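Residue-level listing of the chains:
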Amino acid sequence: MAGGRSEAQDHPPENGFTPLEHPAPRLLPHIDRSVLPSLGGFGKHQKQLVVLTWIPALFIGFSQFSDYFLLAQPNGTCVQPLGNDSNWTVESPPVSVTSGAPSLQLSGNGNGNGTGEAVGDGSGMLCACKEWRLELQTGLSQNVVTKWNLVCDSAWKVHIAKFSLLVGSIFGYLVMGVMADWFGRHPVLILSVLFMLVFGLSVAFSVNVTMFSTLRFFEGFCLAGLALSLYVLRIELCLPGWRFSMTMVASFLMVGGQLLMPGVAVLCRYWPNRDDWQVLQIVIISPFVLMLPYVWIFPESLRWLLATQHYRRSKAMMLCIARKNQVDMTTEPSGVLAELEQELHKKPQRTCIVKMMSTRNLWKNIVVLCVNSLTGYGIHHCFARSMMDPEAQPTALCHADYYTMAGIALATCLALCPAVGLMGRRGGLLTFMIITALASLLQLGLLNLIGKYSLRHDTVLRDTLNRKFSVAFSIIGMFSSHAVSTLSIFFCAEITPTVIRGGGLGLVLASAGFGMLTAPIMELHNQKGYFLHHVIFACCTLLCIICLLLLPEPRGQPLPESLADGETFTRQTLLHPGEQHLLLVKSDRDYSRVHDTPLHLSATGSATVAAATALAAVPASYALATGGEVIGNCAIANGV
C-alpha cells in the first residue's frame, strides 16, 4: 500500500495549497490534428467531394475567357464611304476600327495622295463610312461587335462590356465572401449556380449592347461566388499534405477550358438558325445545370460548422462521414464525439471580416497578399502588351497571343508543383516575385540602354535585337507574374482563419480583379500612359519583395480556425527554440559578492550622491572654501 501512494501524499504541497489540475486539451478546435484523423483522414468521402469541386473548374474556364470571342474586334472593310460614290474599300486590322486608330491603307480609287495611302490621321476617314463589312478571325462568324456594329464612335461600348464582367466579379468576390462566412459555403454555392444559369442564359438573348453589359455584370457576380465557394470548400476538405496538389488540379482544368475554348467557338459556327455568339454563350453556361444536384449531394463544410459552433449539425455530419469512410465512431479512442456531446448546448457564433481590423498580424498578412495579387495580374497585362508585335497583322496575332497566354499558364502550373514542394509557399512566392521584378526592370531599362549606347548606325539590327529581348522578357514576366497571382490566392486561403476565410479570400480575389481591370482601361485610352503603367507596377514588385519576408510559412501546418489561431500564425524566427541564449555575451566578472541593498542604506546612498552632484556643480574656488562645511552638513544629515 505504501508503494501505491501518490507522490502528492509523500510530498505535501507547500504553503498548504493544493495545486490545481490542468484540464485536458480540447480536441474540437484542432480539426486537422484531431477531428479529421478520427473520421478517417482524407478518406474516400472527402476525395469524392474534391472531385465534385474539380468538374465546374472546366466550365469556369470557359466563362472567364469568353470575352476573347464574344467581344473580339473584327476586320473592317468599308464598302460604301460617305460623300464618295466611287467603289473603294478601307481595310483595317481589328484594333483599327476603334476611335483613335492609326493611318489607313486605301484600295481602289479613293481620295488619297495618289499612292493609295491616306493623308493625315486615318481615324476620321475610317469612321466616315456608311456601310461596313466586318469579318472575325476567332472562329465565330458573328459576335457582339459585328451584330451591333460597335466600331468607330461606338467602340467604347465594347470596353464597357469588358468592364461589366470584371466589375461584377470584383463585387461578387467581396459580397459572396462575406456571405460564405456568415451563412456557410453551401448556400453561397447553390445560389451562385442558380443565378448563374438565369443571368448567363439571359445574356444570349440580349437585344442591345446595354442589356448585354448589364447581364454580364450579374453573370460575373455569380461566377465569382461560384469560384470562391468551390475554392474554399476544396481547401477545407483536405489535410495539410493534400491542399496544394488538389488546388493545382483545379487550376489545370481551368487552363484546359481556356485551351478548348477556340474549338468550342468553331463548333458553334455551324449551328443553324441562330447567331453563333448566342450559341456559344448557351454552350458555356448550360453545363452548370450539372451542378443542380449539388443541393443534395454536396454537404456544408464540416470545418466551418465546427469553427462557428454549429455543433448539432456537426455531429450529424461527422457520423455520416465516418459511415462513408467505414470508421466506427463508437470505439474511436480520441474522444472527439464525447467532447462534441458536451458542447451541444452552445449557440452558433459567426464572425465578419471586419473583425480582422482588430488583430495585430492577420490584417497585415492579408493586405500584403492583396498587393501581391494586384501587382501580379496588373503587370501581367504589361508583359502581354509588350509581347505583341506592332508591325504584324493583329488578326494573325489574335490566335497566337491567345494560345501563347494559355501555354504560359499551363507551364506556370507545371512549374509551381515542384517549386512549391522544394521552397515552400513563401519561398516560391518570393522567388517568382523576384523573377517578375527582374524581367520588368530589364525590359524597361536594358532595352533603352541597347538602343542608346549600342548599334547606333545599324538601326535594323538594333530594332531586331530590341524586339527579341522584349519578347523574351515578356514571356518570362508573364510566366512569373501568373505564378505570383496563383500562389498569392492559395497563400491567403491557408493563413486566413476558417471563420473569415471567405471574406479574406474575397479581398485577395477582388484585388486580382482590379489588376485585370487595368487591361480594358488601357485599351479604352488607346494604350496612352502604357509606359508609366508598367513603371508603377514594376515599383510595386520591389515593395512586394520586402513585404513577403514578413509572411509566415503555412506548408505542413494545420489551417487556423479562429481569429486567435490566425493571430498566432506568424513568421518563424531565424533562431530555433532554445538558441536565444547564444546571443547573450558571457562575462568573466564575479558578481557573487553583490547583495541586495537595504532600504535605509539605499536612501543614504541617494542623499550622498545628490550632495556630490551639487558639489560638482559649484565653481571650483567656492567649493574649496566651503567644501568642508558642505561635507560636514551631509554627515550630520546622514546621522553620522
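Refer to the structure above for everything that follows.
Engineer: Any chance you could explain the nonpolar core here in plain terms?
Structural biologist: Generally speaking, nonpolar side chains in soluble globular proteins are found buried as a group. One finds Val 35, Leu 280, Phe 288 and Leu 302 to be the most contacted residues of the largest nonpolar core, which totals 77 residues. Core analysis: the next-biggest nonpolar cluster, separate from the first, contains 56 residues, Tyr 173, Leu 416, Phe 432 and Leu 548 among them.

Engineer: Can you walk me through the packing of aromatic side chains in this structure?
Structural biologist: Centre distance and the angle of the planes are the two values used to describe a pair of aromatic rings. Evaluation of the coordinates by the stated rule reveals 16 aromatic pairs. Arranged with centres 6.0 Å apart and planes meeting at 65 degrees, the rings of Phe 432 and Phe 479 form a pair that is edge-to-face. Separated by 47 residues along the polypeptide, Phe 432 in helix 17 (residues 394-453) and Phe 479 in helix 18 (residues 459-495) bring together distant segments of the chain. Residue classification places Phe 432 among the buried residues on the basis of a relative accessible area of 6%. Taking the relative accessible area as the measure of exposure, Phe 479 reaches 23% and is therefore partly exposed. Following the ring pairs from residue to residue traces out a cluster consisting of Phe 65, Tyr 68, Phe 69, Tyr 402 and Tyr 403.

Engineer: Would you take a moment to explain helix 10 (residues 243-268) for this structure?
Structural biologist: Along an α-helix, residues three or four positions apart point the same way, because every turn accommodates 3.6 residues. Between its first and last C-alpha atoms helix 10 spans 37 Å; for 26 residues at 1.5 Å apiece the expected length is 38 Å, and the two agree. Leu 260 marks the point of greatest bend in helix 10, at about 40 degrees, and the proline Pro 262 comes within the next four residues.

Engineer: I'm lost on the packing of helix 9 (residues 209-237) against helix 10 in this one. Help?
Structural biologist: The axes of two packed helices give the description: the angle between them and the distance between them. It is the contact of helix 9 with helix 10, at a shortest axis distance of 9 Å, that shows an interaxial angle of 150 degrees. One finds that helix 9 runs roughly antiparallel with respect to helix 10. Two packed elements cross with a definite hand, and for helix 9 against helix 10 that hand is right-handed. Taking contact as the criterion, the partners of Tyr 231, Arg 234 and Ile 235 in helix 9 are, on helix 10, Arg 243, Met 246, Thr 247 and Ala 250. In terms of residue class, the contact of helix 9 with helix 10 is made up of 4 nonpolar, 1 polar and 2 charged.

Engineer: It is not clear to me how a nonpolar patch on the surface should be interpreted in this structure. Could you clarify?
Structural biologist: Residues Leu 191, Leu 194, Phe 195, Val 289 and Leu 292 make up a contiguous nonpolar surface patch of about 380 Å² in total accessible area. Looking at where Phe 195 falls in the secondary structure, it is placed in helix 8 (residues 185-203).

Engineer: Teacher, can you tell me more about unusual backbone geometry here?
Structural biologist: If a residue is not glycine, its phi is most likely negative; likewise, a peptide bond is most likely trans. Located in the positive-phi region is Gln 309, a residue other than glycine, with phi close to 65 degrees. Following the sequence through the fold, Gln 309 ends up in the loop between helix 13 (302-307) and helix 14 (311-324). Even without a glycine there, the phi angle at Gln 326 is positive, about 60 degrees. With respect to the helices and strands, the residue Gln 326 is situated in the loop between helix 14 and helix 15 (336-342).

Engineer: So what exactly am I meant to see when it comes to the environment of Val 175 here?
Structural biologist: Looking at the element boundaries, Val 175 is found in helix 7 (residues 156-183). Residue Val 175 is classed as partly exposed on the basis of its relative accessible area of 38%. It is 8.1 Å that separates the C-alpha atoms of Val 175 and Gly 503, two residues lying 328 residues apart in sequence.

Engineer: I keep staring at the environment of Ile 489 and nothing clicks. Help me out?
Structural biologist: Position of Ile 489 among the secondary structure elements: in helix 18. For Ile 489, a relative accessible area of 8% corresponds to the buried category. Measuring from C-alpha to C-alpha, the distance between Ile 489 and Leu 505 comes to 6.9 Å, with 16 residues separating the pair along the chain. Those residues within four positions of Ile 489 in sequence are excluded, and the remaining contacts are Tyr 231, Ser 373, Tyr 377, Leu 505, Val 508 and Leu 509.

Engineer: Looking at this structure, how should I read the pattern of salt bridges?
Structural biologist: Oppositely charged side chains can pair when the atoms bearing their charge come close. Inspection of every chain in the model, using the stated rule, returns 11 salt bridges. Across the pair Arg 216 and Asp 67 runs a salt bridge, and its minimum N-O distance is 2.3 Å. Within this pair, whereas Arg 216 is found in helix 9, its partner Asp 67 is found in helix 4 (residues 67-70), the two being separated by 149 residues in sequence. Given a relative accessible area of 0%, Arg 216 falls into the buried group.

Engineer: Would you take a moment to explain the packing of helix 7 against helix 9 for this structure?
Structural biologist: Two elements in contact, helix 7 and helix 9, have axes whose closest approach is 6 Å; the angle formed by their N-to-C orientations is 35 degrees. Taken as a pair, helix 7 and helix 9 cross one another with a handedness that is right-handed. Of the residues contributing to the contact of helix 7 with helix 9, the split by class is 15 nonpolar, 8 polar and 3 charged.

Engineer: Mind showing me how you'd approach the side chain of Gln 281 here?
Structural biologist: Along the chain, Gln 281 turns up in helix 11 (residues 276-285). The contact partners of Gln 281, leaving out residues within four places of it in the chain, are Leu 70, Gly 200, Val 203, Ala 204, Arg 216 and Glu 219.

About the thresholds
- As a convention, each chain's residues are numbered from 1 in the sequence order in which they are written.
- Reporting of local features is limited, given that this is a predicted model, to residues whose pLDDT is at least 70; pairs of side-chain atoms are given and counted only at 80 or more, and all residues count toward the totals for whole chains, interfaces and linings.
- Based on all heavy atoms of the structure, the side-chain values leave hydrogens and waters out of the count.
- By nonpolar core we mean a set of buried residues, namely Ala, Val, Leu, Ile, Met, Phe, Trp, Tyr and Cys, connected to one another through side-chain atoms within 4.5 Å.
- Relative accessible area decides the class of each residue, using a 1.4 Å probe on protein chains only: under 20% of the type maximum gives buried, over 50% gives exposed, and in between gives partly exposed.
- Note on ring pairs: Phe, Tyr and Trp rings are taken, using the six-membered ring of Trp, and paired if centres are within 6.5 Å. Classes follow the plane angle, with under 30 degrees stacked, over 60 edge-to-face and the rest tilted.
- Secondary structure elements follow DSSP: runs of H or I of four or more residues count as helices, runs of E of two or more count as strands, with numbering from the N terminus.
- For a helix, the expected span equals 1.5 Å multiplied by the residue count minus one.
- In this analysis the local bend is the angle between axes fitted, respectively, to the seven residues ending at and the seven residues starting at the residue.
- Lines fitted to the C-alpha atoms define the axes, with helices restricted to the stretch that makes contact. Angles between their N-to-C directions range from 0 to 180 degrees.
- If an angle is under 35 degrees, it is roughly parallel; if it is over 145, roughly antiparallel; if it lies from 65 to 115, roughly perpendicular; otherwise it is oblique.
- In this scheme, a crossing is called left-handed if the near helix is turned counterclockwise away from the far one by less than a right angle; it is called right-handed if the turn is clockwise.
- Contacts are residue-level and defined by heavy atoms, with any inter-residue pair within 4.5 Å sufficient.
- Residues are grouped as follows: nonpolar covers Ala, Val, Leu, Ile, Met, Phe, Trp, Tyr, Cys and Pro; charged covers Asp, Glu, Lys and Arg; every other residue, Gly included, is treated as polar.
- The patches described consist of residues with a relative accessible area above 30% and no salt bridge, like charges being joined within 9 Å and nonpolar side chains (Val, Leu, Ile, Met, Phe, Trp, Tyr) within 5 Å.
- Where accessible areas are quoted, they stem from the Shrake-Rupley method and a 1.4 Å probe; at the residue level, only the protein chains shown are allowed to cover.
- Only one rule defines a salt bridge in this text: a Lys or Arg side-chain nitrogen within 4 Å of an Asp or Glu carboxyl oxygen.

Remember that the coordinates give geometry; whether it matters functionally is a separate question.
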